[in-house]
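Architecture and fold: a report
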Amino acid sequence: MRKIFNKTQPFRALGRILKSVYIISHDEELFKSGEVESYLNFEEMAQFHHLGTMVDCSRSCVANIDTIFYLLRTCALLGINCFQLYTEDTYKIENEPFFGYMRGGYTEDELVMIDDYAYNLGIEVFPCIQTLGHLGQILQWPYYANVRDTSEVLLVEYEETYQLIEKMIRTVTKPFRSKLIHIGMDEAHGLGEGRYRQIFGNRKENSQVFLEHLQRVSQICKNLGKTPLIWSDMLFCLAGKNNSLAVYYDNVNPLSSEQALKIPPEVNLIYWDYYHVNTDFYSHKIKHHRELGCEPWFAGGIWTWNRFWAALPFSFHSGNAALQAVKSEGVKNTFVTIWGDDGNEFDMYSLLPGLILYGEHGYTPNHVVSLDTIKTTFGAICGGDLDAWMEACKLDHILPSPYPSPSSSVDSKLYFPPNTSKWILWMDPIYAFLSPQYGMFDLEKHYLELSNNLKQAMTADENKYPLNKYLEFPVLLAYVLSLKVNLRKKLEEAYKAGDLVKLQELYDTDLTLLCENTKKLWKLHRDNWLGRAKPFGCETVELRYGGLIIRLNSLYDRIKGYLDHKYSSIPEFESPPMMIYENAGPGLLLDYSRAATPSRAFGAG
């Protein structure tokens, strides 16, 4: 029998029962034997006080209520007991009309609905906002010019700034039962370097400026009866006088004991790390935080940002390494982040196996959660086939895994899983200037086989895996990529050979198919977005498809014009792409602005 300790755990028990029924129902011999008692009687012990997740609702995509409810139900069945919505500006504040302007911010009534729904599932929801950096969305408007230090950072030591912050905290905490509030303060690069310096001069170290601001905001929280959490990186980076992640993840703790004493005791520090695969490294950084006199929270990541499909292999690799350390070191509060940087383009259903990894870790002392465990839970609770989800990861994983075993000697290197499918899709189709990165691989064959494999998985066993219908997007994406990867090369070869017959053939087949299926991909992506999120922000992705489709149409017209002798040449085909990132191959992580064009056209001219 299972020992029930709190409201979340009956739902976790239900999830375990669903898993047991799933195993029994799909094992005919076991079912006939009647020896099923061991699957229905079990004990497990919760490993954490807070086991949670955080969903990014600030990078264009604001999840709708139905999506939040679905995630909450899934979390409940996994035993995940806390939940955060990351909202930089995407919540409504009375008399602040530009706060979340045209961004689909949550209303108070919506947040109350979310809190009530989560409460009935035994899940604590608390707000996750920003009170220093990452506020470029509001600071871009003249209405907030008075509280702007830089384009991203609030002006500290300015009374109107703290009036706004108090208003933010009052507003965003009101709908929730929880006394916790995550006040952010990460990556506040440029703090004290803009208008602050013009107004107040250069009289303080930036680390002192940060700590005094933290004390002030912490006092606001205390006055309102709230307990603040912050990301811990700026404490380390400012003390080390370097904004790079290398300082945050350095083997040496740059904070002095005097600086540590200025951290308000009620503030919870969150050590966040999505980049390492070595357990000893995580343990080392946990100790660094404890040297500051605090008991840290830990935040890991499901790699959903800057890509179309979650990087599950690396998420499992880094997650197992991190949670082994977290449990060994006795950290009692942890959550997993679901970021959406650079457009929030990822398919929401792709993250679910990563969520399961954290849920399973929360109820076993084992250091590693196996793929078999995740596969069974994913099938039982979500109705998905993990093998197919891992197959879809081949959209980005072309090269063998470069990551060492988590049990290897101390490795402080930061790893970044590639987003190959993203930069190939958005890469300008006429220039194809990044194509030499994958010239040594047959990606046309790779993506066509991937599309066919995923298409088979969609319909292989619809009763057992109903979630597999959501493989439609990676199926179509892989097919589009198979058409695109070598198109420029084929067109250039035919053009330079003067083979007008071949050029016409490519025009009629490959290019036409690519144009048609890119439009289908755009409409599918748009429909998925509108089904799972508020419409605001969808334009960021649609503009990317619009640019790609127009450039494909231009390519279409250029080839047609050349064949019709309207143009005597195609100069773009006389400027061959060159290798840009030596020794990297296709294993690159690039954002849209870098992939779309070789020109610095997005905000830089």
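As the structure is a computational prediction, the values presented were derived from the model and not from experiment.

1. Observations concerning the pairing of strand E7 (residues 297–301)
Counting buried positions along E7 gives five out of five residues, so the element sits mostly inside the fold. Taking every second residue as pointing to the same face, both faces of E7 are buried, with Trp297, Ala299 and Gly301 on one and Phe298 and Gly300 on the other. Direction of pairing for strand E6 (residues 268–272) relative to E7: parallel, over a ladder of three bridges. Note on E7: the bridge partner recorded for Ile270 is Trp297. One ladder, built from four bridges, connects E7 with strand E8 (residues 333–338); its direction is parallel. Residue Phe298 lies in a different strand from E8, and its bridge partner there is Thr334. Once you follow E7 into helix H14 (residues 312–328) and on to E8, the crossover reads as right-handed.

2. Re the packing of helix H21 (residues 487–496) against helix H22 (residues 500–532)
Contact geometry for H21 and H22: axes closest at 10 Å, N-to-C directions at 165°. As the angle between them shows, H21 and H22 are arranged roughly antiparallel. The chirality of how H21 crosses H22 is left-handed. In this structure, H21 uses Leu487, Lys490, Leu491, Ala494 and Tyr495 to contact H22, whose residues at the interface are Lys502, Leu503, Leu506, Asp510, Leu511 and Leu514.

3. With respect to the pattern of salt bridges
For the structure shown, the criterion picks out 38 salt bridges. With its nearest N and O atoms 3.1 Å apart, the salt bridge here joins Glu166 to Arg170. With a gap of four residues between them, Glu166 and Arg170 both fall in helix H7 (residues 159–173), about one helical turn apart. A residue is classified by how much of its surface remains accessible, and Arg170, at 48% relative accessible area, is partly exposed. Sharing partners across several salt bridges, the network here consists of Arg12, Arg16, Lys19, Glu44 and Glu360.

4. Regarding the nonpolar core
If you look at the biggest cluster of nonpolar residues, it comprises 197 residues, and the most contacted ones within it are Phe83, Trp389, Leu425, Tyr447 and Ile559. Residue contributions to this core peak at ten residues, all from helix H4 (residues 65–78). Those residues within four positions of Ile559 in sequence are excluded, and the remaining contacts are Leu491, Leu503, Tyr507, Leu511, Ile570 and Phe573.

5. Side note on the packing of helix H1 (residues 8–25) against H4
Packed helix pairs are characterised by how far apart their axes lie and by the angle those axes make with each other. Running from N to C, H1 and H4 cross one another at 85°; their axes reach a closest spacing of 5 Å. With respect to their mutual orientation, H1 and H4 come out roughly perpendicular. In this structure, H1 uses Thr8, Phe11, Arg12, Leu14, Gly15 and Leu18 to contact H4, whose residues at the interface are Ala76, Leu77 and Leu78. Class assignment of the residues belonging to the contact of H1 with H4 gives a composition of six nonpolar, two polar and one charged.

6. A closer look at the side chain of Ser421
If you trace the backbone, Ser421 turns up in helix H18 (residues 420–426). When its relative accessible area of 1% is taken as the criterion, Ser421 is described as buried. Non-local contacts of Ser421, meaning those with residues more than four positions away in its chain, are made with Phe308, Leu395, Asp396, Tyr447, Leu477 and Leu481.

7. Side note on the packing of aromatic side chains
As enumerated under the stated definition, the model contains 45 aromatic pairs in all. Ring plane angle 80° and centroid distance 4.8 Å describe the contact between Tyr86 and Trp339, whose orientation is recorded as edge-to-face. Of this pair, Tyr86 sits in strand E2 (residues 82–86) while Trp339 sits in the loop between E8 and helix H15 (352–361), and the two are 253 residues apart along the sequence. According to the relative accessible area criterion, Trp339 is buried, its value standing at 7%. Of note, Arg216 hangs over the ring of Tyr162, and the distance from its end group to the ring centre comes to 4.2 Å. We note Arg558 situated over the ring of Tyr567; from NZ or CZ to the ring centre the distance is 4.9 Å.

8. Remarks on unusual backbone geometry
One non-glycine residue, Asn306, adopts positive backbone phi at about 60°. Structurally, Asn306 is set in the loop between E7 and H14. Exposure remark for Asn306: the relative accessible area of 12% places this residue in the buried category. Residue His565 is not a glycine yet carries a positive backbone phi of 65°. Considering the arrangement of structural elements, one finds His565 in the loop between helix H23 (538–563) and helix H24 (592–596).

9. Thoughts on the sheet that holds strand E1 (residues 50–56)
Hydrogen bonds between backbone atoms are what pair the strands of a sheet, whose relative direction is either parallel or antiparallel. Reading across from one edge, E3-E2-E1-E8-E7-E6-E5-E4 is the order of the eight strands in this open sheet, with parallel pairing throughout. Edge strands, defined here as strands with exactly one partner in the open sheet, are strand E3 (124–125) and strand E4 (180–182). This element, H4, spans E1 and E2 of the sheet and lies at about 150° to E2.

10. A few points about the state of the cysteines
This model, assessed by the stated rule, comprises zero disulfides. Here Cys221 is not cross-linked by a disulfide; its sulfur's nearest cysteine counterpart is in Cys128, at 12 Å. Taking relative accessible area as the criterion, Cys221 reaches 0% and is therefore assigned buried.

The rules behind each value
Residues numbered from 1 in each chain as written. Predicted model: local features only at pLDDT ≥ 70, side-chain atom pairs only at ≥ 80, totals over all residues. Heavy atoms only, no water. Buried < 20%, exposed > 50% of the residue type's maximum accessible area, 1.4 Å probe, protein only. Helix = DSSP H or I, 4+ residues; strand = E, 2+ residues; numbered from the N terminus. Pairing = 2+ DSSP bridges. Right-handed = clockwise from strand over helix to strand, strands pointing away. Axes fitted to C-alpha atoms, helices over the stretch in contact; angles between N-to-C directions. Parallel < 35°, antiparallel > 145°, perpendicular 65-115°, else oblique. Left-handed = near helix turned anticlockwise from the far one by under 90°. Contact = heavy atoms within 4.5 Å. Salt bridge = Lys/Arg side-chain N within 4 Å of Asp/Glu carboxyl O. Core = buried A, V, L, I, M, F, W, Y, C linked by side-chain atoms within 4.5 Å. Nonpolar A, V, L, I, M, F, W, Y, C, P; charged D, E, K, R; others polar. Phe/Tyr/Trp six-rings, centres within 6.5 Å; stacked < 30°, edge-to-face > 60°. Lys NZ or Arg CZ within 6 Å of the ring centre and 35° of its normal. Disulfide = S-S within 2.5 Å.

Interpretation in functional terms is not warranted from these geometric data alone.
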